[in-house]
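Architecture at a glance
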Amino acid sequence: MERPFPTVAVVGLGTMGAGVAVAVARSGRRVIGIEADEASAARALARIREATAHAVARERLTAEERTGLLARIAVGHALDAAAGADLVIEEVPERLELKREVFAELDRICPASTVLATGTTALSVTRIAAATARPDRVLGLHFFNPVHSMKLVEVVRTVLTAPQAAEDAAAFARDLGKEPVAAGDRAGFVVNGLLFAYLNQAAAMYESKYATREDIDAAMRLGCGLPMGPLALLDLIGVDTARTVLEAMYEQSKDRLHAPAPILGQLVAAGLLGRKSGRGFYTYEAPGSSKAVDAAAGPTLPKAAGREVRTVGVCGSGTMATGIVEVFAKAGYPVLLAARSQEKAERAKAQLAKSLERSVARGRLTGEQRDAALGLVTPVGRYAELAGVDLVVEAVAEDLAVKRELFAALDRIVRPGAVLATTTSSLPVISCASATSRPQDVIGMHFFNPAPAMRLVEVVSTVLTAPDVTATVLELCAKVRKHPVECGDRAGFIVNALLFPYLNDAVRMLQEHYATVDDIDTAMKLGCGYPMGPFELLDVVGLDVSLTIEQVLHQEFREPGLAAAPLLEHLVAAGCLGRKTGRGFRDHARR
Ligand SMILES: NC(=O)c1ccc[n+]([C@@H]2O[C@H](COP(=O)([O-])OP(=O)(O)OC[C@H]3O[C@@H](n4cnc5c(N)ncnc54)[C@H](O)[C@@H]3O)[C@@H](O)[C@H]2O)c1
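Presented here is an overview of the structure given in this document. (Residues numbered from 1 in each chain as written. Predicted model: local features only at pLDDT ≥ 70, side-chain atom pairs only at ≥ 80, totals over all residues. Heavy atoms only, no water.)

As a further point, take the sheet that holds strand β11 (residues 377–380). Ordered in space as β11-β10-β9-β12-β13-β14-β15-β16, the 8 strands form an open sheet in which the pairing is mixed. Bordering the open sheet on either side are β11 and β16 (483–488), each of which pairs with just one other strand. Direction aside, neighbouring strands of the sheet carry axes that sit 25° apart on average. Relative to β16, strand β15 (residues 456–461) is paired through 6 bridges, and the arrangement is parallel. Directly across from valine 460, in β16, lies its bridge partner cysteine 487. (Pairing = 2+ DSSP bridges. Helix = DSSP H or I, 4+ residues; strand = E, 2+ residues; numbered from the N terminus. Axes fitted to C-alpha atoms, helices over the stretch in contact; angles between N-to-C directions.)

This brings us to the pairing of β16. With 5 of 6 residues buried, β16 lies mostly within the body of the structure. Between the parallel elements β15 and β16, the chain passes through helix α17 (residues 467–479) in a crossover that is right-handed. (Buried < 20%, exposed > 50% of the residue type's maximum accessible area, 1.4 Å probe, protein only. Right-handed = clockwise from strand over helix to strand, strands pointing away.)

For the rest of this paragraph, the subject is the site of the ligand. Around the ligand sit 22 residues, and of these Met16, Glu35, Glu94, Lys99 and Thr121 come closest. Between an oxygen atom of the ligand and a side-chain N or O atom of glutamate 35, the distance comes to 2.5 Å. Between an oxygen atom of the ligand and a main-chain N or O atom of glycine 119, the distance comes to 3.5 Å. Protein chains bury 73% of the 840 Å² of accessible surface belonging to the ligand in isolation. Only α1 (15–26), α4 (96–109) and β6 (138–143) provide two or more residues apiece to the shell around the ligand. (Near = heavy atom within 4 Å. Polar contact = N/O pair within 3.5 Å; in protein donor to acceptor, adjacent residues only side chain to side chain. Areas by Shrake-Rupley, 256 points an atom, 1.4 Å probe, with all protein chains shown as cover.)

The nonpolar side chains of soluble globular proteins are, as a tendency, buried together. The biggest cluster of nonpolar side chains holds 109 residues, and the ones touching the most others in it are Val190, Tyr198, Phe281, Leu386, Ile494, Phe535 and Phe585. In terms of residue count, the dominant contributor to this core is helix α18 (residues 495–511) (11 residues). Sequence-distant contacts of tyrosine 198, that is, excluding residues within four places in its chain, are made with Met220, Leu226, Pro230, Leu498, Tyr502 and Tyr530. In terms of nonpolar packing, the next biggest core, distinct from the first, is built from 39 residues, Val312, Ala373, Ala395 and Cys477 among them. (Core = buried A, V, L, I, M, F, W, Y, C linked by side-chain atoms within 4.5 Å. Contact = heavy atoms within 4.5 Å.)

Below you can see the structure in the form of structure tokens.
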């Protein structure tokens, strides 16, 4: 097949346009760069020269390639030059009227066969197309910043875009070494549509003082493996840009979860736009700097003195209990592993031995360390044995009746003054506390799976938790090399309250046939640097577990946008629960 679009015009050579021009020229194509006036054209050319020189210095490009590439880019300021292009990519500032003017002009200048693409982030491609007499040959080509390193391109089709034009644009993107995903014309497309709703919730969470900015950011990095926390990312993107994208999303969806959090408007009004202005959610060394100067360096420090913890009890014999026992034993704490029967406790210890063995095989632990850790763990078949411990972590089934019964038993058994912690991920900690006569000693310690590997612990204080109990757990986390974040006792805590609505939005996108499972997963991995796409993650977590968490969140906040997507309910009803049953959003059995 012939290479699509041998000559490409790029209109607007700012941050995005200059990057796109270089990427296109690199593929061997001729580029007609067009700026607003002579002075901007000169600046744009200087920008392109500088960027490519930088690429040579970084060894991403040879000096020879650079010379060839620059020879293929002509920069001017007459839009008429676009007449010679097979494809025009518009990258002017994000203003609808400006873009419509440019498109109306291009429509007049370019032959009927020329495809016109807009680089808009949040404007309606359909409205831009309507400024021309060729809406079938108008589409969106949404590159990501910085263009040279971001592989994703969203190819946006309106209802009027000819399928051939979209296919050619996708082939063109592939030819630039990019990964195209298909999207319909909706504010935010795939990536920003999913990302900004999440960022908005994080901003609202910070605004409501539910957790500190450092804790919100650390929770999402350490709990989900995201490359950046949401508030630091908002500062990078620009608070003003985020607000504009959210406004556009709300305009279309009328979903309150897309209505920009008031704090975003306040920051914009105050000129605190993020890194570019030197201050946003964080304060930076200088405008444009990535170094935050007022961010706390480490985890939250206790505000009171904690109680002494010398011995620990862990209730349960499942994955979480065994993992938590491993964490404490490796840090040198004697641990009583308490299960409903001696046999179950012994089996859990055998699981632990296997896990430690794997660490030895991987060179992460010495044989001596393994023996020492195992030696600290005593399996017991009766909770009565926990009488003398200083802290109990409960990790039994996620069932409130079961947990309440256990807490009532611990209340009778465990010595006064001991800390009683639950590792629940979706039940109210206060309901565990109220099953005891000492709610001040009860707290949430939400570990993540697998507990030995995941550094995050959400420390959940109820309205009745004593400050020294919170302090005890914060101190203990540091001693067992975990990163604690502090939050209140409400559904989802920090991580799940931000993660599951995003996963639910992805399911809704799929359900509405807006994009495919593969395209959505690819888009989030390449566009945001996420370790897994939403459907990969849902299949790993389990669709039933995900549905429960979404129902709990909806029940707590009553936000219509949080209602679980019917497709998720259907899959769970059909027994498609993800990897564990061989089928979820993907068929794992056949792979
Ligand atoms: N910056 C990002 O992270 C990013 C990412 C993806 C998409 N986008 C989108 O890409 C588009 C361009 O954004 P940007 O960040 O490169 O903006 P920018 O302000 O850096 O660049 C815009 C350029 O267009 C030029 N220009 C203005 N009017 C013009 C006209 N009539 N004719 C020709 N050139 C004109 C300006 O001189 C400027 O150089 C926007 O639609 C934006 O939403 C931006």
